[in-house]
Each structure stands twice: as C-alpha cells, then as structure tokens.
Amino acid sequence: MEIPDRLIELQTAADAERDKLTGLDGQERADQWQRWFEAAAVSQAAVTQHAKDTGLKRSEVEAAVKKAVRHRDDG
C-alpha cells in the first residue's frame, strides 16, 4: 500500500508531541498532553479520510502509516 507523505508527516508530528510528555508533570504535562491529543486527532482524521477516499480499511491504513513511520525512524 502506498502511503501519502502527508499521512507520514502527520503521524510523525503526533509521535513527536507524545515523546515530549516524558518527564513532565503538573500543568506542563497537561499542556503537552493537549498538544499531543490535537496532533493525534489531526493525524487520525487524515487517515480516516484517506481510507474513505481510497476504499481501503481504515485500520489497514493506520497500521501502514505507523509501520512506515517506524521504518523511516530506523533509518
């Protein structure tokens, strides 16, 4: 399955926001959690729309995006 660069970019951005949660607490954590939640919501909405537009299963698109991001990080 070919994954559009935009989906990879959105997932990468969401993952980066999630990673920033490490070591935070209190209001800093709450604020960062909100940024992560919003980035993840944008990524998930794009995955859903792509699945709808292409007739693919949403779960398969999501898995392919996450796999593409992980493999890209591997290097």
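Residues numbered from 1 in each chain as written. Predicted model: local features only at pLDDT ≥ 70, side-chain atom pairs only at ≥ 80, totals over all residues. Heavy atoms only, no water.

### Some points on the overall build of the protein
Within the protein, the regular secondary structure consists of 3 helices and 0 strands. Ordered by position from N to C terminus, the α and β elements of the protein give α-α-α. Once the C-alpha set of the protein is aligned to its principal axes, its extents read approximately 40 × 30 × 15 Å. Sorting the 75 residues of the protein into buried and exposed places 28% on the buried side. Restricting to contacts in the protein with at least 6 residues of sequence separation, those with at least 24 account for 57%. (Helix = DSSP H or I, 4+ residues; strand = E, 2+ residues; numbered from the N terminus. Buried < 20%, exposed > 50% of the residue type's maximum accessible area, 1.4 Å probe, protein only. Contact = heavy atoms within 4.5 Å.)

### With respect to the pattern of salt bridges
It is possible for side chains of opposite charge to pair when their charged atoms get near one another. The final tally for this structure, using the stated rule, is 5 salt bridges. Ionic pairing is found between arginine 18 and aspartate 15, a salt bridge with its closest N-O pair at 3.3 Å. One end of the pair is arginine 18 and the other is aspartate 15, both in helix 1 (residues 5-19) and 3 residues apart, which spans about a single turn. Look at aspartate 15 and you get buried, because its relative accessible area is 17%. Salt-bridge contacts for arginine 58 lead to glutamate 62; the nearest nitrogen and oxygen are separated by 2.9 Å. Highlighted residues: arginine 58 and glutamate 62, both in helix 3 (residues 58-74), separated by 4 residues, approximately one helical turn. The exposure class of arginine 58 is partly exposed, given its relative accessible area of 27%. (Salt bridge = Lys/Arg side-chain N within 4 Å of Asp/Glu carboxyl O.)

### A few points about the confidence of the model for the protein
Of all residues in the protein, 96% attain a pLDDT of 70 or more, and the chain-wide mean is 95. Mean pLDDT across the elements of the protein bottoms out in helix 3 (90) and peaks in helix 2 (residues 26-54) (98). (pLDDT = per-residue confidence, 0-100.)

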